[in-house]
Amino acid sequence: MIGALSFYKGKKVFITGHNGFKGAWMCKMLTDLGADVCGLSMPRPPGGTFSVMGLDERVTSVDGLITDTDAVRNAILGYGPDVIIHMAAQPLVRLSYEDPVGTYMTNVMGTVNTLDAARKCDTVLSFVNVTTDKVYRNTERLEGYTENETIDGYDPYSNSKSCSELVTWTYKRSFFDRLGVPVSTCRAGNVIGGGDMAKDRIIPDCVRSAVRGEPIILRNPLSVRPYQHVLEPVFAYLLLAAKQAEDHTLAGSYNIGPDDESAVTTQRLAELFCMNWKGAEWKIAEDADAPHEANLLRLDCSKFKRTFNWSPKWNISEAVGRTADWYMAEHKGKDMEKFTSSQIRDFL
């Protein structure tokens, strides 16, 4: 697999949202591959995942808001990247109900700002916008959604990412096709992995509870999601960005998700975590005031598999095991820069 990413050695890659959970893993993989990486994100407290992975000195970080048009434009034009991967987002469904305006500003205007800066930068060879599997109009059917189905997310977060998709295709038709720059969007399923400490996500909740010696509280135990280790979509994004730079006909919309057996309930995910973290346990809590979230969501990823001869590497059991291993290593004070690199090497 590593040969497919040899494209990045010596390349300049710009990432929005680079110091978040998924962004940190992408920066780590790229720097290990020999890429020059620059990113724009809002400032985060020291000692987070990005720092723990040893990236402070290896990545050029620009502090700024994705909603700040000038900051985004100056960062991209000043760096002159070969590849842009847009990941900055307000990613939480619950928070989107509390702050819909901020969610739309970040997820829609952030996309506009990034695309508009990219079209004015004559060094760009490839652009990928990372959205979500929640962009589809979800009827909670058993069959997975394909890329040509209706885009219409239900809640403010999901809908804002649907809007981000529409903005991307407008910019593609209006500007990037004429410029000869390939543009794609990636709709990924739920990701797990070391270093995610966001609120209202099941694995971070598991870790926090396990460290405190408290039961893990499950608010929606029967909801089914296509869980995958964070390295699966990170590799897929980078593979797509590299391949479409070489063959523009490969650009498009792609679902990135695990095989069907890795689409499991929240309860099953918690059970797997408890099997990998000694002493951890879970229980179900009623939450009558919880906002709407779909109970079932599946993706059909056959297009990406067929186009790039790709398949997921780690099933759900290994993905949870690797995730628990990472948090346990951090909890024990191990060198997480080396530990993270070892997990990336194992994956590749």
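Refer to the structure presented above.
Residues numbered from 1 in each chain as written. Predicted model: local features only at pLDDT ≥ 70, side-chain atom pairs only at ≥ 80, totals over all residues. Heavy atoms only, no water.

Some points on the side chain of Asp-155
Working step 1: Within the fold, Asp-155 resides in the loop between β5 (126-130) and α6 (156-179).
Working step 2: The charged side chain of Asp-155 is buried without a salt bridge, its nearest counter-charge being Lys-134 at 7.5 Å.
Working step 3: Among the polar contacts listed, one links the side chain of Asp-155 to the backbone nitrogen of Tyr-157, at a separation of 3.1 Å.
Working step 4: Side chain to side chain, Asp-155 and Ser-158 meet in a polar contact 2.8 Å long.
Working step 5: Excluding anything up to four places from it in sequence, Asp-155 contacts Val-93, Ser-96 and Tyr-97. (Helix = DSSP H or I, 4+ residues; strand = E, 2+ residues; numbered from the N terminus. Buried < 20%, exposed > 50% of the residue type's maximum accessible area, 1.4 Å probe, protein only. Lys, Arg positive; Asp, Glu negative; His and termini not counted. Salt bridge = Lys/Arg side-chain N within 4 Å of Asp/Glu carboxyl O. Polar contact = N/O pair within 3.5 Å; in protein donor to acceptor, adjacent residues only side chain to side chain. Contact = heavy atoms within 4.5 Å.)

Observations regarding the packing of helix α9 (residues 266-276) against helix α11 (residues 316-331)
Working step 1: Taken N-terminus to C-terminus, the directions of α9 and α11 make an angle of 50 degrees; their axes are 9 Å apart at the nearest point. Classified by the angle their axes make, α9 and α11 are oblique. By crossing handedness, the relation of α9 to α11 is classed as right-handed. On the side of α9, the interface is formed by Leu-269, Leu-272, Phe-273 and Asn-276, while α11 contributes Ile-316, Ser-317, Val-320, Gly-321 and Ala-324. (Axes fitted to C-alpha atoms, helices over the stretch in contact; angles between N-to-C directions. Parallel < 35°, antiparallel > 145°, perpendicular 65-115°, else oblique. Left-handed = near helix turned anticlockwise from the far one by under 90°.)

Comments concerning helix α1 (residues 21-32)
Working step 1: An ideal rise of 1.5 Å per residue puts 16 Å on 12 residues; α1 measures up with 17 Å between its terminal C-alpha atoms.
Working step 2: Of all 12 residues making up α1, 11 are buried, and the element is well covered by its neighbours.
Working step 3: Three or more residues of α1 are buried, namely Phe-21, Lys-22, Gly-23, Ala-24, Trp-25, Met-26, Cys-27, Lys-28, Met-29, Leu-30 and Thr-31. (Expected span 1.5 Å × (residues − 1).)

Some words on the pairing of strand β2 (residues 36-41)
Working step 1: The element β2 is extensively covered by neighbouring structure, given that five of its six residues are classed as buried.
Working step 2: Both strand β1 (residues 12-16) and β2 contribute to a ladder of five bridges, which runs parallel. The partner of Ile-15 across the bridge, within β2, is Gly-39.
Working step 3: As a crossover connection, the stretch from β1 through α1 into β2 is right-handed.
Working step 4: Where β2 meets strand β3 (residues 60-63), four bridges bridge the pair, whose relative direction is parallel. Paired with Leu-40 across the strands is Val-62, a residue of β3. (Pairing = 2+ DSSP bridges. Right-handed = clockwise from strand over helix to strand, strands pointing away.)

With respect to the pattern of salt bridges
Working step 1: Counting across every chain of the model gives 18 salt bridges.
Working step 2: For the salt bridge of Asp-152 with Arg-137, the shortest nitrogen-to-oxygen distance reads 3.2 Å. In this pair, Asp-152 sits in the loop between β5 and α6 while Arg-137 sits in the loop between β5 and α6, placing the two residues 15 residues apart along the sequence.
Working step 3: Among the residues examined, Asp-152 registers a relative accessible area of 31% and is labelled partly exposed.
Working step 4: Here Arg-137 falls in the partly exposed class, since its relative accessible area comes to 46%.
Working step 5: Linked through salt bridges whose partners overlap, the residues forming this network are Lys-28, Asp-32, Arg-58 and Glu-337.

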